[in-house]
Amino acid sequence: MTSTITTQPPRGRLFEPKLLLGILGVLILLGFSLFTGVYDIFGAEDGGDMFAITRIPRTIALVLAGAAMAMSGW
């Protein structure tokens, strides 16, 4: 006589504290990236345009490059 025991793996929390700290750190660095540059976006007349033209695409490119490197194992 054989008995079959089916066990389910233990379910952990979806968001561990380390993961939440990592996400918070990345969001802080993204904010720094958006507001770091040579051109003064707050004092200039066309600061909003320069923000949209240069800073946002640069930050998106940084995030995509980092994600690609993470996926490739670098």
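Here, the structure is the one placed above.
If you're wondering where the values come from, they're calculated on a predicted model, not measured in any experiment.

Turning our attention to the overall build of the protein. Scanning the protein from N- to C-terminus turns up two helices and zero strands. Summarising its shape, the C-alpha atoms of the protein cover approximately 85 × 25 × 20 Å along the three principal directions. When each of the 74 residues of the protein is scored for burial, the buried share is 8%. Within the protein, one finds 5 positive and 5 negative side-chain charges whose respective centroids are separated by 24 Å.

Taken as a whole, this structure holds two aromatic pairs when the rule is applied. Measuring from ring centre to ring centre gives 5.9 Å for Phe35 and Phe42, while their planes differ by 15°; the resulting arrangement is stacked. Among the residues examined, Phe35 registers a relative accessible area of 48% and is labelled partly exposed. Since its relative accessible area comes to 68%, Phe42 is described here as exposed. Between the aromatic rings of Phe35 and Phe51, the centroid separation amounts to 5.7 Å while the plane-to-plane angle is 25°, which identifies the pairing as stacked. Separated by 16 residues along the polypeptide, Phe35 in the loop between α1 (17-34) and α2 (47-72) and Phe51 in helix α2 bring together distant segments of the chain. Joined through ring pairs, the aromatic side chains of Phe35, Phe42 and Phe51 make up one cluster.

What follows covers the packing of α1 against α2. Direction vectors running N to C along α1 and α2 enclose 145°, while the axes themselves pass 9 Å from each other. Both α1 and α2 take part in a crossing whose hand is right-handed. Listed contacts from α2 to Leu30, Ser33 and Leu34 of α1 are Phe51, Arg55, Ile56, Arg58, Thr59, Leu62 and Val63. Among the residues forming the contact of α1 with α2, the class breakdown is six nonpolar, two polar and two charged.

Glancing now at α2. Relative to the 38 Å expected for 26 residues at 1.5 Å per residue, α2 spans 36 Å between its end C-alpha atoms, a close match to the ideal helical length. In α2, a bend of some 25° at Arg55 exceeds every other bend along the element, and Pro57, a proline, comes one to four places later. For α2, every residue scored as buried is listed here: Gly47, Phe51, Arg55 and Thr59. On the buried face of α2, the contacting elements are α1. Of the residues one or two after α2, Gly73 is the one with positive phi, at around 100°.

Definitions and limits used
Per chain, residues are indexed from 1 in the order of the written sequence. In keeping with the predicted nature of the model, local features appear solely for residues at pLDDT of at least 70, side-chain atom pairs appear and are counted solely at 80 or more, and the whole-chain, interface and lining totals rest on all residues. Only hydrogens and water are removed before side-chain values are computed, so all heavy atoms of the structure are retained for them. By definition, any uninterrupted DSSP run of H or I lasting at least four residues is a helix, any uninterrupted run of E lasting at least two residues is a strand, and each is numbered from the N terminus. We call a residue buried when its accessible area falls under 20% of the maximum for its residue type, exposed when it is over 50%, and partly exposed in between, using a 1.4 Å probe and counting protein chains only. When charges are counted, Lys and Arg are positive and Asp and Glu negative, with His and the chain ends excluded. We put the charge of a Lys on NZ, of an Arg on CZ, of an Asp on CG and of a Glu on CD. Only rings of Phe, Tyr and Trp enter the pairing, Trp through its six-membered ring, and a pair is recorded when the two centres are within 6.5 Å. The plane angle decides the type: under 30 degrees is stacked, over 60 is edge-to-face, the rest tilted. To obtain each axis, a line is fitted to C-alpha atoms, and for helices this fit is confined to the stretch in contact; angles are then taken between N-to-C directions over 0 to 180 degrees. Crossings are sorted by hand: turned counterclockwise from the far helix by less than a right angle, the near helix makes the crossing left-handed, and turned clockwise it makes it right-handed. The contact criterion used is simple: two residues touch if any of their non-hydrogen atoms lie within 4.5 Å. Here the nonpolar group is Ala, Val, Leu, Ile, Met, Phe, Trp, Tyr, Cys and Pro; Asp, Glu, Lys and Arg are the charged ones; every other residue, Gly included, is treated as polar. What a helix is expected to span follows from its residue count: subtract one and scale by 1.5 Å. The angle separating two fitted axes, one through the seven residues that finish at a residue and one through the seven that start at it, defines the bend at that residue.

So far we have only geometry, and geometry alone does not tell us how the molecule works.
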